[in-house]
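Okay, here's what each chain looks like letter by letter:
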Amino acid sequence: MGTKLMMKWPKQITASFVEQLIRAEKDLQKAIMIFDAATAEYSHGFKHDNSTFGIMISRLLSSNHFKSAEEMLGRMKNEKCKISEDLFLSLFRAYGRVHKPLEVIRIFEMMKEYDCEPTEKSYFTVFSILVD
C-alpha cells in the first residue's frame, strides 16, 4: 500500500526549493516522494539538476541504499545532467564505509561511461579505501 504525498506546490519551484524540502525531510521515503513529486507536478517546467540529484544520492547512500543511489546516477545520465566527480567520491566512500572495496573499483571504472574523468582526488580516495 503506497503512500501519496499531498503537498501544495508554489506556482514556480526552483532546484534550491526542492533541495531544501529534501534536506528538511527526515524520512527517506518521504524525501524520495518529494523528489519525484517535483517533476510530476511540473512535468514541463521543472528538471532536477546536479544539486537536487546530489542531495538525493547523498541521502540514499547515508541509508545504505546503494542500488537506488546508482539508479539515480543512471537517471542523471539519461536526463543529461552533468555528473561531478564529487558524486563518485561519495559513492566510493559509502562503499568503503561498508567494506566493499570491489564495488569501489567497479564504480571507479564506470566514471568514464558517465563522462567524468577521474582526477588525483579520485585515485587517492580509491587507493585509501583499498588500503584500509
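Each remark here, short or long, concerns the structure printed above.
Each value, and the rule that gives it
- Residues numbered from 1 in each chain as written.
- Predicted model: local features only at pLDDT ≥ 70, side-chain atom pairs only at ≥ 80, totals over all residues.
- Heavy atoms only, no water.
- Helix = DSSP H or I, 4+ residues; strand = E, 2+ residues; numbered from the N terminus.
- Buried < 20%, exposed > 50% of the residue type's maximum accessible area, 1.4 Å probe, protein only.
- Areas by Shrake-Rupley, 256 points an atom, 1.4 Å probe, with all protein chains shown as cover.
- Lys, Arg positive; Asp, Glu negative; His and termini not counted.
- Charge placed at Lys NZ, Arg CZ, Asp CG, Glu CD.
- Core = buried A, V, L, I, M, F, W, Y, C linked by side-chain atoms within 4.5 Å.
- Phe/Tyr/Trp six-rings, centres within 6.5 Å; stacked < 30°, edge-to-face > 60°.
- Expected span 1.5 Å × (residues − 1).
- Disulfide = S-S within 2.5 Å.
- Salt bridge = Lys/Arg side-chain N within 4 Å of Asp/Glu carboxyl O.

A short note on the overall build of the protein
Now for step 1: Tallying secondary structure elements over the protein gives 7 helices and 0 strands in all.
Now for step 2: Secondary structure elements in the protein, listed N-terminal to C-terminal, are α-α-α-α-α-α-α.
Now for step 3: Projecting the C-alpha coordinates of the protein onto the three principal axes gives extents of approximately 50 × 30 × 25 Å.
Now for step 4: By the burial criterion, 42% of the 132 residues in the protein qualify as buried.
Now for step 5: Split by element, the accessible area of the protein, about 8,400 Å² in all, is 53% carbon and sulfur.
Now for step 6: Taking the average place of the 19 positive charges on the side chains of the protein and the average place of its 18 negative ones, the gap between the two points comes to 6 Å.

Considerations on the environment of Asn78
Now for step 1: Relative to the helices and strands, Asn78 resides in helix α4 (residues 66-78).
Now for step 2: With relative accessibility at 63%, the residue Asn78 sits in the exposed group.
Now for step 3: With 37 residues separating them along the chain, Asn78 and Asp115 place their C-alpha atoms 12 Å apart.

A closer look at the nonpolar core
Now for step 1: Residues Ile22, Met56, Ile57, Leu73, Met76, Phe88 and Phe92 are the most contacted members of the largest nonpolar core, which totals 41 residues.
Now for step 2: Every element with two or more residues in this core is listed here: α1 (15-24), α2 (28-41), α3 (50-62), α4, α5 (85-97), α6 (101-110) and α7 (120-131).
Now for step 3: Sorting elements by how many residues they give to this core places α5 first, with 7 residues.

A look at the packing of aromatic side chains
Now for step 1: Per the stated rule, a full pass over the model turns up 6 aromatic pairs.
Now for step 2: Ring centres of Phe66 and Tyr95 lie 4.5 Å apart, and the angle between their planes is 20 degrees; on these two criteria the pair is classed as stacked. One end of the pair, Phe66, is in helix α4; the other, Tyr95, is in helix α5, with 29 residues separating them in the sequence.
Now for step 3: The interplanar angle of 70 degrees and the centroid separation of 5.1 Å between the aromatic rings of Phe108 and Tyr123 together place this pair among those described as edge-to-face. Residue Phe108 is found in helix α6, and its partner Tyr123 is found in helix α7; the two are separated by 15 residues along the sequence.

Overview of α4
Now for step 1: Spanning 13 residues, α4 covers 18 Å between terminal C-alpha atoms, matching the ideal 18 Å at 1.5 Å per step.
Now for step 2: Within α4, the full set of buried residues consists of Phe66, Ala69, Glu70, Met72, Leu73, Gly74 and Met76.
Now for step 3: Count one or two residues on from α4 and you reach Lys80, which has phi positive near 55 degrees.

Some thoughts on the state of the cysteines
Now for step 1: In this structure the tally under the stated criterion is 0 disulfides.
Now for step 2: There is no disulfide at Cys81, and the cysteine sulfur nearest it, in Cys116, is 12 Å away.
Now for step 3: Classification of Cys81 by relative accessible area gives buried; the value is 14%.

Topic: the pattern of salt bridges
Now for step 1: What the rule picks out here adds up to 7 salt bridges.
Now for step 2: With a shortest N-O distance of 3.6 Å, Glu117 and Lys112 are connected by a salt bridge.
Now for step 3: Several salt bridges converge on common partners, so that one network encompasses Asp36, Arg75 and Glu79.

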